[in-house]
Amino acid sequence: MEAIFHEKQEGSLCAQHCLNALLQGSYLTPINLADIALRLDESEREHMAEAGVQSEDYMAFLRQPSSNMDDSGFFSIQVISEALKVWNLDLIPYSSQDPVAMTARENPVEQCAFICNFKEHWLTIRKLGHQWFNLNSLLTGPELISDTFLAMFLAQLQQEGYSIFLITGELPNCEADQLLKITRAFQPIKPQLISDTDNAGSSDNSGKNPTQFIDEDALQRALAESREMLEAEDAELQRAVRLSMEGDAEEQTSDRVETAEEIRQRRLAYLASTDNPQAEDTGTQDMTDDAMLQEALKMSMESA
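How each quantity is defined
- Residues numbered from 1 in each chain as written.
- Predicted model: local features only at pLDDT ≥ 70, side-chain atom pairs only at ≥ 80, totals over all residues.
- Heavy atoms only, no water.
- Buried < 20%, exposed > 50% of the residue type's maximum accessible area, 1.4 Å probe, protein only.
- Helix = DSSP H or I, 4+ residues; strand = E, 2+ residues; numbered from the N terminus.
- Pairing = 2+ DSSP bridges.
- Disulfide = S-S within 2.5 Å.
- Axes fitted to C-alpha atoms, helices over the stretch in contact; angles between N-to-C directions.
- Parallel < 35°, antiparallel > 145°, perpendicular 65-115°, else oblique.
- Left-handed = near helix turned anticlockwise from the far one by under 90°.
- Contact = heavy atoms within 4.5 Å.
- Nonpolar A, V, L, I, M, F, W, Y, C, P; charged D, E, K, R; others polar.
- Salt bridge = Lys/Arg side-chain N within 4 Å of Asp/Glu carboxyl O.
- Core = buried A, V, L, I, M, F, W, Y, C linked by side-chain atoms within 4.5 Å.
- Arc of directions from axis to C-beta.

**Quick notes on the pairing of strand E6 (residues 163–168)**
Here is step 1: Judged by how many residues are buried, E6 sits mostly within the fold: five of six residues are covered.
Here is step 2: Summarising the sheet, strand E1 (residues 90–93) and E6 pair through four bridges and their orientation is antiparallel. The residue of E6 that forms the bridge with Leu91 is Ile167.
Here is step 3: The sheet contact formed by strand E2 (residues 113–118) and E6 spans four bridges and is antiparallel. Looking at the pairing, Phe114 lines up with Leu166 of E6.

**Observations concerning the state of the cysteines**
Here is step 1: Counting across every chain of the model gives zero disulfides.
Here is step 2: Not engaged in a disulfide, the cysteine Cys116 finds its nearest cysteine sulfur in Cys18; these two sulfurs lie 7.9 Å apart.
Here is step 3: For Cys116, a relative accessible area of 0% puts it in the buried group.

**Thoughts on the environment of Glu143**
Here is step 1: With respect to the helices and strands, the residue Glu143 is situated in strand E5 (residues 143–145).
Here is step 2: Accessibility expressed as a relative area gives 1% for Glu143, which makes it buried.
Here is step 3: Glu143 sits 48 residues away from Pro191 along the chain, and the two C-alpha atoms are 6.2 Å apart.

**Thoughts on the packing of helix H2 (residues 30–49) against helix H4 (residues 77–84)**
Here is step 1: Contact geometry for H2 and H4: axes closest at 9 Å, N-to-C directions at 110°. When the interaxial angle is binned, H2 and H4 end up roughly perpendicular. Note on packing geometry: the crossing formed by H2 with H4 is right-handed. In this structure, H2 contributes Leu33, Ile36, Ala37 and Leu40 to the contact, and H4 contributes Gln78, Val79, Glu82 and Ala83.
Here is step 2: Of the residues that constitute the contact of H2 with H4, the class distribution is six nonpolar, one polar and one charged.

**Observations regarding the pattern of salt bridges**
Here is step 1: This structure, assessed with the given rule, holds four salt bridges.
Here is step 2: Among the salt bridges present, the one from Lys85 reaches Glu82, with a minimum N-O distance of 3.5 Å.
Here is step 3: Residue Glu82 is classed as partly exposed on the basis of its relative accessible area of 31%.
Here is step 4: Here Asp177 makes a salt bridge to Lys181, at a shortest N to O gap of 3.4 Å.

**A word on the sheet that holds strand E4 (residues 131–134)**
Here is step 1: Here six strands make up an open sheet; going across it, the order is E1-E6-E2-E3-E4-E5 and the pairing antiparallel. Both outer strands of the open sheet, E1 and E5, are each paired with one neighbouring strand and no more. Neighbour-to-neighbour, the strand axes of the sheet open up by a mean angle of 30°, direction not taken into account.

**Regarding the nonpolar core**
Here is step 1: Ranked by size, the top nonpolar core spans 26 residues in total, and within it Ile80, Leu84, Ile115, Trp122 and Ile167 carry the most contacts.
Here is step 2: Mapped by element, the contributors of at least two residues to this core are helix H1 (14–23), H2, H4, E2 and E6.
Here is step 3: Considering every element that reaches this core, the biggest residue donor is H1, with six residues.
Here is step 4: When near neighbours in sequence (up to four residues on either side) are disregarded, Trp122 contacts Cys14, Ala15, Cys18, Phe74, Phe75, Ser76, Ile77, Ile80, Ile115, Cys116, Asn117 and Phe165.
Here is step 5: In this structure, Phe118, Leu123, Phe153 and Leu154 belong to the second largest nonpolar core, which totals 20 residues.

**Considering the environment of Ile182**
Here is step 1: Within the secondary structure layout, Ile182 lies in helix H7 (residues 175–182).
Here is step 2: As for Ile182 and Gly129, which are separated by 53 residues in sequence, their C-alpha atoms are 7.7 Å apart.

**Digging into H7**
Here is step 1: Every buried residue of H7 is accounted for by Ala176, Asp177 and Leu180. On an axial view of H7, the arc spanned by its buried residues comes to 100°, and they lie on one face. Opposite its buried face, H7 presents the exposed residues Glu175 and Ile182, each directed more than 90 degrees away.

The analysis is restricted to geometry; functional conclusions fall outside its scope.
Structure follows, in structure tokens:
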């Protein structure tokens, strides 16, 4: 995680932080972006002048402030798009009907990066290695996003009013991407909002961590249902194993061969049930098979 380039928010320079997080390096400064904004302003002025420098539209345009930057450090999507052309990177609205955007909505995990805007705040969501990270400059550090959570995260951002743009093209090589392809990142504790560390009482929604907008109750319910299903399956498996073991035990009992002692005891019990006098005299004394045979012969001779 230490190898990931992350700029913390300074003033309203979120566009600079967003771009540098995307490119993973200190590639752009406010001066660079201001130069781009001025060139765009001049291009727009020349376009408006084509209708006549004395026209009302042209005069009204000159009275308006720049739409590409302001004194706070905010820069427009046009400035960001123009800055990315240096690296042959393009922006496509995520919700558009562009085939590339439609494919990205079906499988966002296979993309390389997104940039998002809400209330003049820009942030980057980028894949590094094989994992996704929220590189919001309002956070104290990068935030790991699981593949299964990414689509839900993007959908929730849209519901909250974020404009999302898909990045297309090949991003420049960076150390973090190479390292995270070898070793996956783990993040037991998520980063905090800078505003929380400075002022826990802030109530400005534009400074909130977008992951806080996620319906935690719905996530907990889904996890609980998943656990219940696993427990039910486990109980059914345990029951099947127990029945199998009981069946094996019964089969082993039914197949067991009686010993000579068990046969003798059963024979004595039978003689006793027929009220044989000899059986009454001998009771449950230990009589051998030879003794019983001798007694039977004696009885036979007496009868004769």
